[in-house]
Amino acid sequence: MSVQEQSSEEPGGAHGGAPAEEPATAGAHPRSLAEALRARDDSSLSALLRARPDLITPVPTDLTQLATRAGTRASVIRALERLDRFALQTAEALAVAPDPAPYGTLLHLMAGDAGDPVVTEVLPRAVAVLREQALVWGSDDRLRLVRTARELLAPSPQHPSPTGLGPTVAEAMAGMSPGRIQELLKAAGLATTHDAVSAVESLTALFTDRARMSGLLDAAPPESLEVLSRLVWGPPYGQVTADPAARLRWLLDRGLLLPTAPGTVVLPREVALHLRAGRAHRRTEPLPPPVEPTAVHRPQVVDATAAGQAYTALATVEELLKDWDEGGPAVLRAGGLSVRDLKRTAVALDLPEPVAAFWVELAYAAGLLASDGEADERYAATPAYDEWLDLPAAERWTRLATAWLSATRTAGVIGGRDAKERTLSALGPGLDRSAAPEVRLRVLSLLAALPEGGTASPDALVERLHWERALRGAAASDDLRARLARWTLTEAESLGITGRGALSAHGRALLGAAAPAPSAPAPDPSGGPGDADGPGAKLPVHHRHHHLPAPPPAPRSPAEVASAAARAGGLLAPLLPEPLDHVLLQADLTAVAPGPLERPLADVLNVLADVESKGGATVYRFTPGSVRRALDAGRSASDLQAFLAAHSRTPVPQPLAYLIDDVARRHGHLRIGAASAYVRCDDDALLNEIVADKRSQGLRLRRLAPTVLAAQADPATLLEGLRAMGFAPAAESAEGDVLITRALAHRTPPRTAPEPVPDGPPAPDTTLLGAAIRAIRAGDLASTTPRKQPASAPERDGTLPRTTPAETLATMQAAVLTGGTLWIGYVNAEGSASQRVIAPVRVEGGFVTAYDHTADEVRTYPLHRVTGVAELADEQA
């Protein structure tokens, strides 16, 4: 019977921060992670807390608590998820190595018998990353993977190792009968022993001896070797029948396959490593995949293209919010925009629905639109939109670009489904993806590392992201990080951060990235060129530059973000077209705007005419309805004629002048007011014409007087009905004055932009790191410093000292005179107990004023809240 390989799914790998320099190896062997952390300096602790910010939320009381927290399952999983692929492979190799493992053993597992020179060069930095993040501790001759990480990465039947290795001989033979173990020794040509432990050690020694193991396998039937070749790279488990075939029996008899359960066998780890030539992974990836430029455009072309897209972005957002100026679509009961309203918005913007959804979400992220909060809740522009409109064009763009960079709401998932199979709608809940800002910054940073004007393949960028976050970067095509990367490229192009796929100068300034240096070949510091394909090949200069991933960008303060935005706006401003103060009127009742118009001119034209087409030049068309719209807004015919004459480079065409005069002559000839509604007109013949028209039957008009008609419809319906019949009525007030109907812009109450959803605890700033390290050091001093017990106090097992009030006062006063340092127990007003190391300065009025080493400041404590006091030992005082 043949061995049937059991399928298993390997866990993915993780994105990690950049490797740090390897710290110096301590002379003594630390006995625990806490001791290893205690030997670190402040800069090393800062690197740990910056890489794993969850460790200081809240700040640990001492280094023992920090070490305990660093070993918790949730924290270790998060740290593993942020490792790059090679650092993760190093941790996986340590999980299958002896515990503790010498550095040489780890190097052999990673580089194999042949000794891969690239792996040999890069491995020290991978170990340094694991050490820095407290996933590995100990000196080079005793490397230890933290227990939780070993449990997560070590192979087991339920959770196969990503290396594809199985259990060791000792683990697989646990529980096997002593007689069966001795039989295995005889079949393998080994001497029998008196106990199972030495028998297992003897078999392990055989499997780890390259020469003897090669001799044993040389005698194996070819069919048996074929079985081993199917299991060597994993999964290592197979199934056998109760009566295995001869090729399997040969392997079982010699322990090359060991039973783990009825009908199941496993390839021992030592055998697999021999067959793999000592390598833990089938393919080690010490170098990140290079991101090479696929094309290089002239920087001027890139910047001009990006500036054109930036101008289009501003125009699109303005058009969107102008369309919603009098109140936008209704808010769904579950929140968000309905599919029908999104489709209508896409038609109004003349864009595909996914693109329209992106602009809607961007305006929301920038705080330019929100729901109004009314009973009949609708979306509308916010007051911030009016402030945004008054800014120069470059500043308006930087507001949008910075909001996009930090937003976690992701328009690309709109139309998909959440965990409860509900459709995700624009502006609705469930669109936050906390990884989005990081992916955007990383993709743009990779573009910034290319030569100016260089573009990169999306597949190369995705492959690089997968290497940098291995556990989060699964190879599946629907991987979120891959989709975020592709959406980033599209959105950055639409927003004008990139042009023709390359990062623009203002986009680079927005990131705070410097322009890349000229890509001249640098001399190889290792010597001659060597054989690029041979086993002793020297690492090419290009790969030497790239094998150390760039460190993750430190979080920028609001001031730094504002400064970068100002620089970007300064670079973009000269590239944006200057607003024009004129149009070209044509005889076919159109006006051509050869570029962007000044805001007052554009506002008036949008009322007086309808936009017919957009592009490099905008075409406006004048119609009776558009002219009547301007008259309803309070403009007179003479005002309109003078306005057009002042802002046109061509004379006002006669057809346009006639159109304005004709509509104005009829405008207001009919008057409509509230009765339910009425129509009055001095020309009774015109009223007769209206009553006789069949189209007026729905208005249910009747004559009240020769010059007055009454209607059952309300004034607004009557007004629209008569206009649809071709008349030009005007509404009037109760006093008989003509009502000027300007469209009132609907605004929400002041709203703040949505806060991004962070991907875990925020990275601490320098001030917080310094304070946290001082507090941890002081707490560690308080918990580890030897202390004297007062002569009158019995030995206690508790953590806080206990003394009588009289003893406490006397010890405090003595310390003031001698300048001594004391260890005290203290209970604050909330009832929380803590221990502190203080140097008393003054004792009076029931209070002690002292320098608190724990808080690194002078504080005053009520004596009645001090549980007890103890002097520090002489050598520590």
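Just so it is clear, the model here is predicted, and its values are computed rather than measured.

(A) Seen up close, the side chain of S75. Looking at the element boundaries, S75 is found in helix α4 (residues 73-81). Residue contacts for S75: discarding those within four places in its chain leaves R52, D54, L55, R69 and A70.

(B) Seen up close, the environment of T168. In this structure, T168 sits in the loop between α8 (147-153) and α9 (169-172). Here the alpha-carbon distance between T168 and P155, two residues 13 residues apart in the chain, equals 9.7 Å. Apart from the residues lying within four places of it in its own chain, the contact partners of T168 are R269 and E270.

(C) Structural detail: the environment of L251. Mapping L251 onto the fold places it in helix α14 (residues 246-253). For the pair formed by L251 and V227, sequence separation is 24 residues and the distance between their alpha carbons is 9.1 Å. Once residues lying within four places of it in the same chain are set aside, the contact partners of L251 are S224, V227, L228, L256 and L257.

(D) A look at the pairing of strand β16 (residues 590-593). Neither face of β16 is open: one carries T590 and V592, the other A591 and A593, and all of them are buried. Inspection of the sheet shows strand β15 (residues 584-586) paired to β16 by 3 bridges, in the antiparallel sense. If you follow L585 over to β16, its bridge partner there is A591. Hairpin connection from β15 to β16: 3 residues lie between these consecutive antiparallel strands, with L589 at a positive phi of about 65 degrees. For β16 and strand β18 (residues 618-621), the ladder comprises 4 bridges, and the chain directions are antiparallel. If you follow V592 over to β18, its bridge partner there is V619.

(E) Region of the structure containing unusual backbone geometry. A cis amide bond links T57 to the next residue, P58, at an omega of 0 degrees. Note that P58 resides in the loop between α2 (42-51) and α3 (63-70). Looking along the chain, the bond that leaves D99 and enters P100 is cis, with omega of 0 degrees. Its identity is not glycine, yet A134 carries a phi of approximately 60 degrees, on the positive side. Checked against the element boundaries, A134 lands in the loop between α7 (117-132) and β3 (136-137). Phi is positive for R500, which is not a glycine, with a value near 55 degrees. As for its placement among the helices and strands, R500 is situated in the loop between β13 (498-499) and β14 (502-503).

The rules we used
Residues numbered from 1 in each chain as written. Predicted model: local features only at pLDDT ≥ 70, side-chain atom pairs only at ≥ 80, totals over all residues. Heavy atoms only, no water. Helix = DSSP H or I, 4+ residues; strand = E, 2+ residues; numbered from the N terminus. Contact = heavy atoms within 4.5 Å. Buried < 20%, exposed > 50% of the residue type's maximum accessible area, 1.4 Å probe, protein only. Pairing = 2+ DSSP bridges.

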